[in-house]
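Chain by chain, the residues:
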Amino acid sequence: LFIRTLTNLEHVNTGFDQRNLLLFGIDPTQDGYQRQRLAEFYGELTRRLRALPGVRAVSASHNTLVGGGGNATEAHILGYTPKPGESEKGVQCAVNTVGPGFFETMGMPLVLGRSLSEGDTEAAPKVAVVNQTFAREYLGGGSPIGRQFTFGDPKTSPKIEIVGVAADAKFMHLRDESLPTIYVPFLQGVTDDTAVLGALGAMHFEVRTAGDPIAMAPAIRRVAQSMDPNLALYDVRSQTEQIGETLFEERLFARLTSFFGILAALLGCIGVYGVMAFAVTRRTREIGIRVALGASRSGIVGMVLGETLVLVAIGIALGVLAALEASRLIASLLFGLKPNDPLTIAGAALLMVAAAALAGYVPARHASRVDPMVALRYE
């Protein structure tokens, strides 16, 4: 169950292209950058990184995708009637502040409208891109392009217009269903009063490369150092590595349970071998008489293996009942399958049958080679 859970998570559709993508964080506020100067720093850093050989696209975001973190807020959609159980203050959604070209860099397709561009600055009309889940759950029929919402009181907060709809993508965790998500341009959050997540601060950059993204890390560090030697990059890793790190617990469970499962199967096979070897030894005289009366070697092997499989069948029947009860305790740790998944149970049972049959074959083969004359004189 844990192995299949890990496999399911490793092959889940993230909604974006995680290949050839380098991530890093940088916080110029530690060196005194604020507001417009900070926005200009990010713009210049983006331009210099795009000029590097082997770099295809560059963007930035407040939160990286599938990094285990994220921000949630309430949005008040103009003209939206809250459903039963929803707050009158607004609908719950995830929000991410991103840079120009974010969707193109991440490989997230736009299904409607346009992306966020360098023209979406503080002086321009406030805009945002929402994902398909947001549009489906909160915007109903008709085109979502042009619909408006606010963060906070609609009477005093600036209105934000939806200019695009992006395909659903995993935001915080691989296990999560696609959350209603809003993407807003960080260039429109330079000052405190218009920022969705507070004043513009530390950001994470996403760099799409033509080859190995980790190989580009030294060149990217040099670019950042040339702009300000007091700034250091942090969390430098590929998107694939970041996703892999979020699966540490699942990978640990899969390895530990596999190890103990193999150990248990080995002990079971040793037990089957010991029981059948002892039984064959005790029945040496009987087997010799059978051979003397014309029993074939294959018949003797089949008899012993048949008795072996009867013992195994009884053990599997008891084991399946115990497993069905015990597996309910780990239901919350699984992904993409149920605790009583018939394919998993059948696969485990067949593996045990095969292993036990192999363990019982050695005593069965020994029994088939009993010399009748020696057996008749036995004891």
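What this report covers is the structure whose coordinates are included nearby. (Residues numbered from 1 in each chain as written. Predicted model: local features only at pLDDT ≥ 70, side-chain atom pairs only at ≥ 80, totals over all residues. Heavy atoms only, no water.)

Topologically, Asn-96 is positioned in strand E4 (residues 91–98). Look at Asn-96 and you get buried, because its relative accessible area is 0%. Beyond its immediate stretch of four places on either side in the chain, Asn-96 contacts Ser-61, His-62, Asn-63, Leu-65, Phe-102, Phe-171, Ile-182, Tyr-183 and Val-184. (Helix = DSSP H or I, 4+ residues; strand = E, 2+ residues; numbered from the N terminus. Buried < 20%, exposed > 50% of the residue type's maximum accessible area, 1.4 Å probe, protein only. Contact = heavy atoms within 4.5 Å.)

Turning our eyes to something else, we now look at the packing of helix H2 (residues 35–50) against helix H5 (residues 217–227). Taken N-terminus to C-terminus, the directions of H2 and H5 make an angle of 140°; their axes are 10 Å apart at the nearest point. With respect to their mutual orientation, H2 and H5 come out oblique. For the pair H2 and H5, the crossing hand works out as right-handed. Of the residues in H5, those in contact with Phe-41, Glu-44, Leu-45, Arg-48 and Leu-49 of H2 are Ile-220, Val-223, Ala-224, Ser-226 and Met-227. Split by residue class, the contact of H2 with H5 holds 7 nonpolar, 1 polar and 2 charged. (Axes fitted to C-alpha atoms, helices over the stretch in contact; angles between N-to-C directions. Parallel < 35°, antiparallel > 145°, perpendicular 65-115°, else oblique. Left-handed = near helix turned anticlockwise from the far one by under 90°. Nonpolar A, V, L, I, M, F, W, Y, C, P; charged D, E, K, R; others polar.)

On to a nonpolar patch on the surface. There is a patch of nonpolar side chains on the surface, built from Phe-248, Leu-252, Leu-256, Phe-259, Phe-260, Leu-263, Leu-266, Leu-267 and Ile-270 and spanning about 910 Å² of accessible area. Along the chain, Phe-260 turns up in helix H7 (residues 248–282). (Patch = residues over 30% accessible without salt bridge, like charges linked within 9 Å, V, L, I, M, F, W, Y side chains within 5 Å. Areas by Shrake-Rupley, 256 points an atom, 1.4 Å probe, with all protein chains shown as cover. Salt bridge = Lys/Arg side-chain N within 4 Å of Asp/Glu carboxyl O.)

Looking now at the packing of aromatic side chains. Applying the stated criterion across every chain, the model contains 14 aromatic pairs. With a centroid separation of 6.4 Å and an interplanar angle of 55°, the aromatic rings of Phe-134 and Phe-149 are classed as tilted. Highlighted residues: Phe-134 in helix H4 (residues 132–138) and Phe-149 in strand E7 (residues 148–150), separated in sequence by 15 residues. For Phe-149, a relative accessible area of 0% gives the class buried. (Phe/Tyr/Trp six-rings, centres within 6.5 Å; stacked < 30°, edge-to-face > 60°.)

So, on to H5. Each turn of an α-helix holds 3.6 residues, which means side chains three or four residues apart point in the same direction. Within the span of H5, buried status applies to Ala-217, Ala-219, Ile-220, Val-223, Ala-224 and Met-227. Along H5, the residues classed as buried sweep out an arc of 165° about the axis, all on the same side. Contacts from the buried residues of H5 go to strand E1 (21–26), H2, strand E10 (203–209) and strand E11 (234–238). (Arc of directions from axis to C-beta.)

Before going further, it helps to examine the nonpolar core. Grouped together as the largest cluster of nonpolar side chains are 32 residues, with contacts concentrated most on Phe-16, Leu-65, Phe-102, Phe-103, Met-108, Leu-116 and Tyr-183. Those elements that place two or more of their residues in this core are helix H1 (2–10), E1, E4, helix H3 (102–106), strand E6 (127–131) and strand E8 (160–166). Beyond its immediate stretch of four places on either side in the chain, Phe-16 contacts Leu-65, Val-66, Met-106, Gly-107, Met-108, Ala-169, Lys-170, Gln-239 and Ile-243. Counting 29 residues, the second largest nonpolar core, distinct from the first, contains Leu-22, Met-216, Ile-220 and Met-227. (Core = buried A, V, L, I, M, F, W, Y, C linked by side-chain atoms within 4.5 Å.)

Right, let's get into the pattern of salt bridges. When their charged atoms lie close together, side chains carrying opposite charge are able to pair. In this structure the tally under the stated criterion is 11 salt bridges. Notably, a salt bridge pairs Arg-19 with Asp-17, separated by 3.0 Å at the nearest N-O pair. A residue is classified by how much of its surface remains accessible, and Asp-17, at 26% relative accessible area, is partly exposed. Between Arg-175 and Glu-250 there is a salt bridge whose closest N-O contact spans 3.0 Å. Within this pair, whereas Arg-175 is found in the loop between E8 and strand E9 (181–185), its partner Glu-250 is found in helix H7, the two being separated by 75 residues in sequence. Via salt bridges that share partners, Asp-17, Arg-19 and Arg-208 belong to a single interconnected network.

This part covers the environment of Val-184. Its location among the elements puts Val-184 in strand E9. Here Val-184 falls in the buried class, since its relative accessible area comes to 5%. Here the alpha-carbon distance between Val-184 and Ser-61, two residues 123 residues apart in the chain, equals 9.6 Å.

For the rest of this paragraph, the subject is the pairing of E10. Burial of E10 is extensive: 7 of the 7 residues sit out of reach of the surface. Of the two faces of E10, the one holding Met-203, Phe-205, Val-207 and Thr-209 and the one holding His-204, Glu-206 and Arg-208 are both buried throughout. By the bridge criterion, 6 bridges tie strand E2 (residues 55–61) to E10 in an arrangement that is antiparallel. Residue pairing for E10: Ala-60 is matched across the bridge by Phe-205. (Pairing = 2+ DSSP bridges.)

What follows deals with the pairing of E8. Burial runs high along E8: 6 of the 7 residues are buried. Sheet topology places E6 next to E8; 5 bridges connect them, and they run parallel. Note that in E8 the partner of Val-130 across the bridge is Val-165. One ladder, built from 2 bridges, connects E7 with E8; its direction is antiparallel. From the neighbouring strand, Phe-149 faces E8, where its bridge partner is Ile-160.

Geometric descriptors of this kind do not, in isolation, establish any biological role.
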